[in-house]
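Working through the structure, step by step
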Amino acid sequence: MNIVVVLKQTPDTESVIRIAADGKSVVTDGFKWIINPYDEFAVEAALRLKQQHGGTVTILSYGPQRVVESIRTALAMGADNAVMIADDAIESYGRLKLAKAVAAAIKQLNADIVLMGSRAVDYDMAQRGPMVAEFLDWPHLPLAVSIECDGSKVTIQRPIEGGKVTMQSTLPVLVTFGGSHAVWNPRYASLPGIMKAKKKPLATKSLADLGLDAAEFTPDKAKVRNISLEMPAERAAGRIINGDLDTAGKAAELVRVLHEEAKVI
Amino acid sequence: MSKCVCVVAEYRAGDFRRVAYEVASEGKRIADILGTNVCAVLVGSNVMDKAPTLGRYGVDKVYVADDPALENYLPETHVPVIADLIKKCDPALVLLSASVDGKDLSARLSARLEEGLVQDCTEIVVDGGKIKVKKPIYAGKCLAWSQWAEGAMPLISCRPNVMSCMAPMEDKKAEVEKVDVAVPQARSSVTGLELDTSGRVGLSGAEIIVSGGRGMKEASNFSILEELAKLLGAAVGASRAAVDSGWRPHADQVGQTGKVVNPNLYIAAGISGAIQHLAGMGSSKFIVAINKDADAPIFSKADYGIVEDLFAFIPALTEEVRKLKSTCS
Ligand SMILES: Cc1cc2nc3c(=O)[nH]c(=O)nc-3n(C[C@H](O)[C@H](O)[C@H](O)COP(=O)(O)OP(=O)(O)OC[C@H]3O[C@@H](n4cnc5c(N)ncnc54)[C@H](O)[C@@H]3O)c2cc1C
């Protein structure tokens, strides 16, 4: 099976977010960059599919040079090879353009199945997967927390508000991943894995290599523009319910303030 | 009159979801500012009876696709049908739900219509006739404002439980137009739908959440949180540490790689307050932290902090809530 995983690099979830001088981007100095956790779940799922069905796992990523480090991490986890759409500004062209570029790269890879996170922990737009599927004219199975494949059909489970849904599709199909670390438990790169990853093939592509017209990929052609950022109102630290109260006294005082002051119970 | 505001009304298992009314109400608010009317798009199976009731939330006209093949949300069938209905409305902008299905639908629709989408918006502003939206990014650590290019049709998905629902206008019925649609042949299908009928309150949409972390020590100890939650009509959540330990299902995880919740009251018991956890519950109206370590970071975000052993405090709290409930009722 020819498995492709789309991977985005995002800032570590511990990152402190500060607004840059332009008022519409964030300060990236000092960021530690990681594989978007949901894409990492997709890498894990891909490696398990390969264990069952054989084939190859190709990592497809995009962005500036720093992304190579995350690609190598995925290769060290066990992926076989990688393609990178090298373009420093790819995210500034808008989500539709990004999805078009990813779809174009997938077409060149002859994939049976494409896996990726349902969302990214930076802008949390939750758009890439469904958009790529639409541009490929493929079915997609969203927000999988489990995946099974019998070689021709793929079945997933997805949580919805107050329930769960089982969905199925024939190949080729695109699957987006939800769940959590507890669900997917993505493997760590082993030391031999890290050594091997250095020699695994990584092809770099430009937009032109993908048959795309670079003139269409400019920030001013984006349909949506980020105009400004603002910090959320700081939460003032509240008060410790204390005094000389014993446990029962604190409980009574908490219930009183929640009922009388906050009026939430 | 200028082009309408279109709202896509989310429908599941025989009725509208609450978020559909929130989105319709918000659509009405914007339409009033723009001086236009509100159209809705509704797809499903056997939905004709319910369609006119959207009028209660400000919708003037509903375009309906009613077909047994549209019973459950399936991207392959819903996206083309909804795209066609939206084209029929020819709106100035489209509002959708940033629910589980709604976010997925919105994204694929955006590609199909080749129009720009902002997901999970918490505020919509009309600024000199132009639409501007706000959405949380980096799990709520920052807020981003976006605007659309000239001539674009904004697609906006609205975060549930944020935008207010108008008081329903009981006697108002929307005009309904049934549209004959060809539901495309699908390669994918929904093969199972299990709805939780236990009456347990779910995390999304809960007004009160009681969450436990590593401090709960083992799975069975969550029974004390469940007892408290039951009295409060609350949902039970968990930190990643509790989920990773196998004490709680992953669906209960609150945080950056779990659910983002915004209840009126969030009670965190035995949770230290890691940045990824705060990302999921930091916008709760009131936060109570119960932790035996006075230096736990969660206290810096809590409106009310209790420095106590949770195994002593939770039962005492449950007792006091019980007393309150018995005097109130
Ligand atoms: C990529 C990534 C994503 C993540 N996503 C999430 C996420 O979505 N959600 C999430 O929650 N975390 C997430 N985390 C993990 C996060 O960093 C923390 O490890 C986690 O939140 C800690 O959970 P905790 O507070 O329950 O445990 P701990 O940090 O171990 O805290 C336990 C607390 O319980 C207190 N305690 C212990 N016993 C008692 C007692 N008897 N009475 C009272 N208090 C007691 C202790 O004082 C301590 O403060 C993520 C991490 C990464 C790297």
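**A look at the interface of chain B and chain A**
- Across the contact, 90 residues belong to chain B and 84 residues belong to chain A.
- Of all residues in chain B, Arg108, Tyr138 and Tyr304 of chain B give up the largest surface area on contact with chain A, accounting jointly for 10% of the area buried on that side.
- Applying the counting rule to chain B against chain A returns 12 salt bridges.
- The residue Glu234 of chain A makes a salt bridge to Lys301 of chain B at a minimum N-O spacing of 3.9 Å.
- Here chain B is connected to chain A by 52 residue pairs in polar contact (both at pLDDT 80 or more).
- Among the elements that take part in the side of chain B that touches chain A, helix H3 (residues 100–113) of chain B stands out by supplying 9 residues, more than any other.
- Taken together, the residues of the side of chain B that touches chain A sort by class into 42 nonpolar, 24 polar and 24 charged.

**Concerning the site of the ligand**
- Lining the immediate surroundings of the ligand are 29 residues, of which Arg214, Ser239, Thr257, Ser272 and Gln276 of chain B lie closest.
- The environment around the ligand is built from residues contributed by chains A and B.
- Gly258 of chain B places a main-chain nitrogen or oxygen 3.4 Å from an oxygen atom of the ligand.
- Contact distances for the ligand include 2.9 Å between a nitrogen atom and a backbone N or O atom of Leu310 of chain B.
- In the complex, 82% of the free accessible area of the ligand, which totals 980 Å², lies under the protein chains.

**Topic: the packing of aromatic side chains**
- What the rule picks out here adds up to 9 aromatic pairs over all chains.
- Here the aromatic rings of Phe177 of chain A and Trp184 of chain A are separated by 5.2 Å at their centres, their planes lie at 70 degrees, and the arrangement is edge-to-face. Considered together, Phe177 of chain A and Trp184 of chain A belong to a single accessibility category, that of buried residues.
- A ring pair is formed by Phe16 of chain B and Tyr21 of chain B, whose centres lie 5.9 Å apart and whose planes are at 55 degrees; its orientation type is tilted. Across the pair, exposure class does not vary: Phe16 of chain B and Tyr21 of chain B are buried alike.
- Taken together, the ring pairs connect Tyr11, Phe16, Tyr21 and Tyr57 of chain B into an aromatic cluster.
- Against the face of Trp145 of chain B rests Lys132 of chain B, its NZ or CZ located 5.0 Å from the ring centre.

**Re the domain arrangement of chain B**
Residues and elements named next belong to chain B.
- Taken as a whole, chain B is organised into domain 1 (5–178) and domain 2 (208–328).
- Contacts between the two partners involve 7 residues from domain 1, matched on the other side by 5 residues from domain 2.
- Of the roughly 450 Å² buried where domain 1 meets domain 2, counting both sides, 49% is carbon and sulfur surface.
- Contact with domain 2 buries surface across domain 1, with Ala139, Lys141 and Arg159 losing the most and accounting together for 79% of the total.
- The interface formed by domain 1 and domain 2 contains 0 salt bridges.
- Applying the counting rule to domain 1 against domain 2 returns 0 residue pairs in polar contact (both at pLDDT 80 or more).

**Overview of helix H7 (residues 247–261) of chain A**
- Taking 1.5 Å per residue as the helical rise, H7 of chain A with its 15 residues ought to reach 21 Å, and the 20 Å between its terminal C-alpha atoms agrees with that figure.
- In the segment just after H7 of chain A, Lys263 of chain A is the residue with positive phi, at about 55 degrees.

**Section: the environment of Asp293 of chain B**
All names here are of chain B.
- Following the sequence through the fold, Asp293 ends up in the loop between strand E17 (286–291) and strand E18 (304–307).
- Of the residues examined, Asp293 reaches a relative accessible area of 40% and is grouped as partly exposed.
- As a C-alpha pair, Asp293 and Asp309 span 16 residues in sequence and 8.8 Å in three-dimensional space.
- At 2.8 Å, the side chain of Asp293 and the backbone nitrogen of Asp295 are in polar contact.

How each quantity is defined
Residues numbered from 1 in each chain as written. Chains lettered and ligands numbered in written order. Predicted model: local features only at pLDDT ≥ 70, side-chain atom pairs only at ≥ 80, totals over all residues. Heavy atoms only, no water. Contact = heavy atoms within 4.5 Å. Buried area = accessible area lost by both parts, 1.4 Å probe. Salt bridge = Lys/Arg side-chain N within 4 Å of Asp/Glu carboxyl O. Polar contact = N/O pair within 3.5 Å; in protein donor to acceptor, adjacent residues only side chain to side chain. Helix = DSSP H or I, 4+ residues; strand = E, 2+ residues; numbered from the N terminus. Nonpolar A, V, L, I, M, F, W, Y, C, P; charged D, E, K, R; others polar. Near = heavy atom within 4 Å. Areas by Shrake-Rupley, 256 points an atom, 1.4 Å probe, with all protein chains shown as cover. Phe/Tyr/Trp six-rings, centres within 6.5 Å; stacked < 30°, edge-to-face > 60°. Buried < 20%, exposed > 50% of the residue type's maximum accessible area, 1.4 Å probe, protein only. Lys NZ or Arg CZ within 6 Å of the ring centre and 35° of its normal. Domains from an automatic or database assignment. Expected span 1.5 Å × (residues − 1).

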